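As a plain string of letters, each chain reads:
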2 protein chains.
Amino acid sequence: MREFKKKARILLIDDNADHLRGIKELISIETGYDIAGTTTNANIGINLVKKYRPELVIIDVNMPEKDGLQAIQEIEKLGLDTRILVLSGYDDADLIFRAMKIGAKGYVLKTMASAQLIYAIDEVLSGKVYLPSALSSRFFEYFQRSFKEENSASTEENLLTYLTSREEEVLELLTQGNNYKGIAGKLFISETTVKTHVNNIFQKLQVNDRTQAVLYALNNGFGKKFRTKISA
Amino acid sequence: MREFKKKARILLIDDNADHLRGIKELISIETGYDIAGTTTNANIGINLVKKYRPELVIIDVNMPEKDGLQAIQEIEKLGLDTRILVLSGYDDADLIFRAMKIGAKGYVLKTMASAQLIYAIDEVLSGKVYLPSALSSRFFEYFQRSFKEENSASTEENLLTYLTSREEEVLELLTQGNNYKGIAGKLFISETTVKTHVNNIFQKLQVNDRTQAVLYALNNGFGKKFRTKISA
DNA sequence: ACTGATTTAAATCTATGGATTGATAAAAAT
DNA sequence: ATTTTTATCAATCCATAGATTTAAATCAGT
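Residues numbered from 1 in each chain as written. Chains lettered and ligands numbered in written order. Predicted model: local features only at pLDDT ≥ 70, side-chain atom pairs only at ≥ 80, totals over all residues. Heavy atoms only, no water.

Chemist: Summarise the protein's contact with DNA strand C; cite the residues concerned and give the values.
Modeler: Inspection of the region around DNA strand C gives 17 residues, with Asn199(A), Thr164(B), Arg166(B), Ser190(B) and His197(B) positioned closest. Within the contact set of DNA strand C, a phosphate oxygen lies 3.2 Å away from a side-chain nitrogen or oxygen of Tyr180(A). Here Lys195(A) contributes a side-chain N or O atom positioned 3.1 Å from a base oxygen of DNA strand C. Of all the secondary structure elements, the ones that give two or more residues to the surface near DNA strand C are α9 (191-205) of chain A together with α7 (165-174) and α9 (191-205) of chain B. Here the surface near DNA strand C gets 4 residues from one element, more than from any other, and that element is α9(B). (Near = heavy atom within 4 Å. Polar contact = N/O pair within 3.5 Å; in protein donor to acceptor, adjacent residues only side chain to side chain. Helix = DSSP H or I, 4+ residues; strand = E, 2+ residues; numbered from the N terminus.)

Okay, here's the thing in C-alpha cells:
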C-alpha cells in the first residue's frame, strides 16, 4: 500500500557533524519528513541536491570553506523546486537580507528553540516564506536603510522634472542605447530635431554627453518602473 | 503637574471622513496617544506634518486625488522623525513593497481588527517596523520575485566575465560618465590606449558605443556593489 | 625558452556626437 | 490678445568617438 502524498525529503548541509546529527534526529522524531541525506561539505551538498532533488535543503551559512550564500545561489541556479531554509549562528541583518535576496525561503538561528525550527520547516514546505518575527524586524530595517539614500538623496531637486514630455521620450530612447538616427527613426522626426531635443536635455540635466544623461536618468528614478541601486 | 514623558501625537490622513472619525475615537479610547490632527486631504496633511511634527502619521494610501505613496515620500523627504503607518484597503504586494521601500514603518489593512491597528501603532511608535504576518509573507514573496530575474537571468553567460582587469577599470570609469580624456588622465595612460581598451570592451560586450556598454554593465551587475533593477 | 594574453601606444581615417544659430508653427499660459 | 513654451527643422562647424592596423614590452604558463 502506497502513500499518495509523498513525504517531503530534506537535505541537511552543515559543517558541524554534531549539529547535523542533532537536527537529523529532531526531524526524525518530531516530524514525518524523510532525511534525503546529510553532509558537512557544501559542494557535496550541491551535488546531492542535483541527485535527489529534495523538497527542502537546510543549510548552515556559517561554513568556513565554501561560502554558504554562494552554495545557496548555486542551488537556486539549478532551477529545481527545492526550497532553502537557512540556518545561521548570527542574526546579521546583512546576511539575512542577502540570503533572502538570492532566494532562501526561511532563516532561523541556531540558538532558537527546536520548535521554532520545526515550525519554519513546515511553513517553508507549505510554500510560505518564513522569517521569525525578531529577524523579520531586522530585515525590514535593513531593507529600508538600503533604499533610504536614494529616496532621501532626492532632497536635491530632480532635474528630470524639467523635461518636457517629448524630451522624456527622447531620453527614454537614449537610455535604451539608441543613437540619433535610431531615435529619429523611432519618433518619425528628423535627426536634427533629435539633436535639438538631446541638447536641451543636456542643458536641463547639466551634463555634457549622452552617457552622462543616461546615467543621470538611471540614477534618478527615470522610467518610474523604479530601477534601483542597493549599495550594501 | 506635568508629565515628563510626552505623549505621542498622531496625525490622521484619510479621505474618508467617517473612517477618520472612527480611527480617531479608537485611538482616543483604546490608547493614551494624542491626536495631533485629522484631515481628508493629503496636501493639507503634509503641511500639518510640517507644522506639528507628530511622532506618527497614519495615512490611507487609497486616495483618489493625491497618490498616497507620493504623500508618504514627501513626508519622508522632510527628514523629520515622523514615522508613517500605512492604512490600505488592499493587500496588494506591490503596494506594500513600494510603501515600505519609501520608508513606511508599518502597513495594516482596513479590514483588520482594530486591536491589530492598535498593536501596529504601538510597535511603530516603539521604533519597530511592523507588518502583520500575512502581509509580511506577501512582502517576502514579492521581494524575492523582484530579485529573481537578475539572479536566474545569469544563466546566459555574462559577457562581463571576458573583460580583463584593465578593461574592467576602464569600463568602471565609463560608467561614471568619463570621456576618453578623463579616463586617460585617471589611469595615467594615453588617450589612444584608452581607445584601444574601449574598443576591445565593445567587441567583448557586443555593443556599438559607450552608452550601450555602460547600459550593459549596469544591467549585468557590474561594480559588484550590487546594483539592482527591480522591475515591478 | 617559447607561446599567448595583456597592456601599452601611435597613426590614420571616418562617422557620430554635440554646440550654435536661426527660424517656423502650434499650443498653452497669461 | 499676446507672450511663452514646445516641437519641429536646417545649416554650419568643431570635437569627440570609434574602427583599423601595427607594434612594442611585460608577464604567465607549458
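Chemist: How would you sum up helix α3 (residues 68-77) of chain A? Please name residues and give values.
Modeler: Residue and element names in this part refer to chain A. All buried positions along α3 are accounted for by Gly68, Leu69, Ala71, Ile72 and Ile75. One side of α3 holds all its buried residues, which, seen down the axis, span an arc of 160°. Where α3 is buried, its residues meet α2 (42-52), β3 (56-60), β4 (83-88) and α4 (93-101). Once α3 finishes, Gly79 follows within two positions and takes phi at roughly 75°, a positive value. (Buried < 20%, exposed > 50% of the residue type's maximum accessible area, 1.4 Å probe, protein only. Arc of directions from axis to C-beta. Contact = heavy atoms within 4.5 Å.)

Chemist: So what's going on with the packing of aromatic side chains? Which residues, and what values?
Modeler: Summed over all chains, the structure comprises 19 aromatic pairs over all chains. Through a chain of ring-to-ring contacts, the aromatic side chains of Phe97(A), Phe139(A), Phe140(A), Tyr142(A), Phe143(A), Phe97(B), Phe139(B), Phe140(B), Tyr142(B) and Phe143(B) assemble into a single cluster. The side chain of Arg210(A) reaches across the aromatic face of Tyr180(A), ending 4.6 Å from its centre. (Phe/Tyr/Trp six-rings, centres within 6.5 Å; stacked < 30°, edge-to-face > 60°. Lys NZ or Arg CZ within 6 Å of the ring centre and 35° of its normal.)

Chemist: Before we move on, could you go through the protein's contact with DNA strand D and cite the residues and values that matter?
Modeler: Within the structure, DNA strand D sits among 17 residues, and Thr164(A), Arg166(A), Ser190(A), Asn179(B) and Asn199(B) are positioned closest to it. A share of 68% of the atoms of DNA strand D within 4 Å of the protein falls on sugar and phosphate groups. One nitrogen or oxygen atom from the side chain of Ser165(A) is found 3.4 Å from a phosphate oxygen belonging to DNA strand D. One of the side-chain nitrogen or oxygen atoms of Thr196(A) is found 3.3 Å away from a base nitrogen of DNA strand D. Listed by contribution, the elements that provide at least two residues to the surface near DNA strand D are α7 (165-174) and α9 of chain A together with α9 of chain B. At 4 residues, the largest contribution of residues to the surface near DNA strand D is made by α9(A).

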